[in-house]
Amino acid sequence: TAEISPWSALTSYVVGLLSKILVDLCREKIGEFLSESNKVLSYMLGWSIRIIQGLAMVAFWRGVFGLLSNNLGESVASLCLVLTSSSLILGVFKLSKCGIFPPLVLITDSHSQTFQNGLYFRSSPGEQGFLLLDCIFSNFIIKTVPVLAW
């Protein structure tokens, strides 16, 4: 089996997490700007954001799985612990559907969805401090736990 080094896993996780947080912080502002601009610019920037999000997700997942494998191992007990705890967290936050949707469902995006708020508490750019906390919570907890359940 191919092993991922702990530093590589940590770097992938941090780069993916920070990229996702930065995109979430800027998403609605960019959408507002592009709604009044050239259609070609809007289209190109929309695709650029989707590519950045895709690369961030790959790095994020690689980091999570690498950190889990390096720190908890792959024993039955550790796998059951991770699955049980992540399932409980998904249940508490009423996100149990998130445990099966991404790996099993084909998601099609429209251009308008690229710039919509995808945060747990749906905070807006006007709430600067709360928006940052919502971005961190949504990406660090809410979007990490389904990866643990998979």
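Look up: the structure comes first, before these words.
In short, a report on the structure. All values reported here derive from a predicted model rather than from experimental measurement.

**What to know about the pattern of salt bridges**
In total, this model carries 1 salt bridge according to the counting rule given. Where Asp24 meets Arg27, a salt bridge forms, and the shortest distance between an N and an O atom there is 2.4 Å. You can see Asp24 and its partner Arg27 sitting in helix H1 (residues 6–35), 3 residues apart, about one turn around the helix. Of the residues examined, Asp24 reaches a relative accessible area of 7% and is grouped as buried.

**Remarks on helix H2 (residues 39–72)**
One turn of the α-helix equals 3.6 residues, which is why residues spaced by three or four share an orientation. A rise of 1.5 Å per residue sets the reference length of H2, with its 34 residues, at 50 Å; its end C-alpha atoms lie 48 Å apart and thus fit the reference within 8%. Turning to H2, its buried residues are Ser42, Gly46, Ile49, Arg50, Ala56, Ala59, Phe60, Gly63, Val64 and Gly66. Here H2 starts with a cap whose side-chain oxygen sits 2.9 Å from the backbone nitrogen of Val40, and that cap is Asn38. In the segment just after H2, Gly73 is the residue with positive phi, at about 80 degrees.

**Structural notes on the packing of aromatic side chains**
For the structure shown, the criterion picks out 2 aromatic pairs. With a centroid separation of 5.4 Å and 25 degrees between ring planes, the pair formed by Tyr13 and Phe60 is classed as stacked. One end of the pair, Tyr13, is in helix H1; the other, Phe60, is in helix H2, and 47 residues separate them in sequence. Across the pair, Phe60 and Tyr13 agree in class, each one buried. For the cation-ring pair, Lys20 lies above Phe60, with the distance from its terminal atom to the ring centre recorded as 3.8 Å. The lysine or arginine in question, Arg50, covers the ring of Trp47, its NZ or CZ lying 5.1 Å from the ring centre.

**Focus on H1**
Across its 30 residues, H1 extends 43 Å between first and last C-alpha, which sits within 8% of the 44 Å expected from 1.5 Å per residue. Maximum bend of H1: about 40 degrees, positioned at Arg27. Those residues of H1 not exposed but buried are Ala9, Ser12, Tyr13, Gly16, Leu17, Lys20, Ile21, Val23, Asp24, Arg27, Gly31 and Leu34.

**A closer look at a nonpolar patch on the surface**
Residues Val40, Tyr43, Met44, Trp47, Ile51 and Leu55 make up a contiguous nonpolar surface patch of about 660 Å² in total accessible area. By the element assignment, Val40 lies in helix H2.

**As for the nonpolar core**
Counting residues in each nonpolar core, the largest one holds 9 residues, listed as Tyr13, Leu17, Ile21, Phe60, Val64, Leu119, Leu131, Cys135 and Val147. Broken down by secondary-structure element, the contributors of at least two residues to this core are H1, H2 and helix H5 (128–142). The dominant element in this core, judged by the number of residues it contributes, is H1, at 3 residues. Once you skip the residues sitting within four places of it in the chain, Phe60 turns out to touch Ser12, Tyr13, Gly16, Leu17, Lys20, Asn139, Lys143, Thr144 and Val147. Among the nonpolar cores identified, the runner-up in size contains 5 residues, and Leu90, Leu95, Val145 and Ala149 belong to it.

Definitions and limits used
- Residues numbered from 1 in each chain as written.
- Predicted model: local features only at pLDDT ≥ 70, side-chain atom pairs only at ≥ 80, totals over all residues.
- Heavy atoms only, no water.
- Salt bridge = Lys/Arg side-chain N within 4 Å of Asp/Glu carboxyl O.
- Helix = DSSP H or I, 4+ residues; strand = E, 2+ residues; numbered from the N terminus.
- Buried < 20%, exposed > 50% of the residue type's maximum accessible area, 1.4 Å probe, protein only.
- Expected span 1.5 Å × (residues − 1).
- Polar contact = N/O pair within 3.5 Å; in protein donor to acceptor, adjacent residues only side chain to side chain.
- Phe/Tyr/Trp six-rings, centres within 6.5 Å; stacked < 30°, edge-to-face > 60°.
- Lys NZ or Arg CZ within 6 Å of the ring centre and 35° of its normal.
- Bend = angle between axes of the 7 residues up to and from the residue.
- Patch = residues over 30% accessible without salt bridge, like charges linked within 9 Å, V, L, I, M, F, W, Y side chains within 5 Å.
- Areas by Shrake-Rupley, 256 points an atom, 1.4 Å probe, with all protein chains shown as cover.
- Core = buried A, V, L, I, M, F, W, Y, C linked by side-chain atoms within 4.5 Å.
- Contact = heavy atoms within 4.5 Å.

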